[in-house]
Amino acid sequence: MRLVLLGPPGAGKGSVAALLKKNFSVVHISTGDLLRDEIKEGSPLGKEAKSYIDNGNLVPDEVVIKLIENKIKTDDQIKNGYLFDGFPRTKNQAKGLDEILEKIGKPIEAVFYMETAADLILMRLTGRRICRDCGAVYHIHRHPPKKEGVCDQCSGTDLYQRSDDKEETIKNRLDVYLENTLPIVDYYEAKGILNKIDGGLESEELEAIIAKTCHAS
Ligand code: ADP
Ligand code: ZN
């Protein structure tokens, strides 16, 4: 399984990726997670990335491509299967990724484009809360923890809102998405590897569709 999950913020890429990772042996690579790890560590790269992320803008292509290149070089498991989530986000990144994957002889097999309506995106993102300790993701209405303010997975008590999940920042993230990321749908369509799926479906349903499509091909 060698996949890319493409779609606007709030399409549910991370949730579907978590299910696929659990059920298939694929390495899940999220540039958003990698960048937030760098910020947490206080690395120079993290310091550079922070202001872009907080404002809902894209981190420069060179920075994320380098990050991905390092990850691919150092993680041996990637040859057995991968799942990119939130990367690529520009045409430049898509081309850069193709070059890197060509070098290891493991090109992308399928891209799943999760089309999602704007009102749903806003509802999902403004209600999203994340456990500071284990990264589990909740939604204040759709998927609250069993006990308010306490993580089901690890009993952590710090369920926080991502700084870029505030309404003003979400609007900018959507504009950035439409301008920079949507054009790569055409890029993958021209390569004949694009599959459109409905981001409004539940993650379990999407995971089943993706698994079936991959096994059928
Ligand atoms: P979402 O898909 O919900 O926006 P992510 O965790 O994928 O969340 O990304 C959060 C932020 O991290 C983005 O708004 C952007 O600033 C930065 N980022 C993540 N991936 C990339 C990328 N491939 N290129 C540039 N910036 C990125
Ligand atoms: Zn937790």
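Quantities reported herein were computed from a predicted structural model and do not represent experimental measurements.

Turning next to the coordination of the zinc ion (ligand 2). At 2.3 Å from the zinc ion (ligand 2) lie its protein donor atoms, namely Cys 131 (SG), Cys 134 (SG), Cys 151 (SG) and Cys 154 (SG). Each of the four donor atoms bound to the zinc ion (ligand 2) contributes to angles spanning 102 to 113°, and the resulting shape is tetrahedral. Sequence spacing of the donors to the zinc ion (ligand 2): C-x2-C-x16-C-x2-C. For Cys 131, a relative accessible area of 2% translates into the label buried. Residue Cys 134 is classed as partly exposed on the basis of its relative accessible area of 39%.

With that settled, the discussion passes to the packing of aromatic side chains. In total, this model carries three aromatic pairs according to the counting rule given. Consider the rings of Phe 84 and Phe 87, whose centres lie 5.9 Å apart with planes at 50°: the pair is tilted. Just as Phe 84 is buried, Phe 87 falls in that class too. Seen in terms of ring centroids, Tyr 187 and Tyr 188 are 5.2 Å apart; in terms of plane orientation they differ by 75°. Their pairing is edge-to-face. Considered together, Tyr 187 and Tyr 188 belong to a single accessibility category, that of buried residues. The positively charged end of Arg 132 is found above the aromatic ring belonging to Tyr 160, 3.9 Å away from the centroid.

Let's shift gears to the environment of Asp 158. Structurally, Asp 158 can be placed in the loop between strand 6 (137-139) and strand 7 (159-160). Considered as a pair, Asp 158 and Ile 130 are 28 residues apart in the sequence and their alpha carbons are 8.1 Å apart. Setting aside residues no more than four positions away along its own chain, Asp 158 makes contact with Ile 130, Cys 131 and Arg 132.

This part covers the site of ligand 1. Near ligand 1, the surroundings consist of 19 residues, among which Thr 31, Arg 36, Asn 57, Gln 93 and Arg 173 are the closest. The contact in question runs from an oxygen atom of ligand 1 to an N or O atom on the side chain of Lys 13, over 3.0 Å. Val 59 places a polar main-chain atom, nitrogen or oxygen, 3.0 Å from a nitrogen atom of ligand 1. Relative to its unbound accessible area of 540 Å², ligand 1 is 96% covered by the protein chains. No other element matches the four residues that helix 2 (residues 31-41) contributes to the shell around ligand 1.

In this section: the packing of helix 6 (residues 118-126) against helix 7 (residues 167-181). Packed helices, taken two at a time, are described by the angle between their axes plus the distance between the axes. Following both chains from N to C, one finds helix 6 and helix 7 inclined at 135°, their axes separated by 11 Å at the closest point. As judged from the angle between their axes, helix 6 and helix 7 are oblique. Considering how the two elements wind past one another, helix 6 and helix 7 form a crossing that is right-handed. Residues Ile 121, Leu 122, Leu 125 and Thr 126 of helix 6 touch helix 7, and the partners they reach there are Glu 167, Ile 170, Arg 173 and Leu 174. In the contact of helix 6 with helix 7, the residues fall into five nonpolar, one polar and two charged.

How each quantity is defined
- Residues numbered from 1 in each chain as written.
- Chains lettered and ligands numbered in written order.
- Predicted model: local features only at pLDDT ≥ 70, side-chain atom pairs only at ≥ 80, totals over all residues.
- Heavy atoms only, no water.
- Donors = N, O, S within 2.8 Å, 3.2 Å for Na, K, Ca; no water.
- Tetrahedral: all angles 85-135°; square planar, octahedral: opposite > 155°, others 65-115°.
- Buried < 20%, exposed > 50% of the residue type's maximum accessible area, 1.4 Å probe, protein only.
- Phe/Tyr/Trp six-rings, centres within 6.5 Å; stacked < 30°, edge-to-face > 60°.
- Lys NZ or Arg CZ within 6 Å of the ring centre and 35° of its normal.
- Helix = DSSP H or I, 4+ residues; strand = E, 2+ residues; numbered from the N terminus.
- Contact = heavy atoms within 4.5 Å.
- Near = heavy atom within 4 Å.
- Polar contact = N/O pair within 3.5 Å; in protein donor to acceptor, adjacent residues only side chain to side chain.
- Areas by Shrake-Rupley, 256 points an atom, 1.4 Å probe, with all protein chains shown as cover.
- Axes fitted to C-alpha atoms, helices over the stretch in contact; angles between N-to-C directions.
- Parallel < 35°, antiparallel > 145°, perpendicular 65-115°, else oblique.
- Left-handed = near helix turned anticlockwise from the far one by under 90°.
- Nonpolar A, V, L, I, M, F, W, Y, C, P; charged D, E, K, R; others polar.

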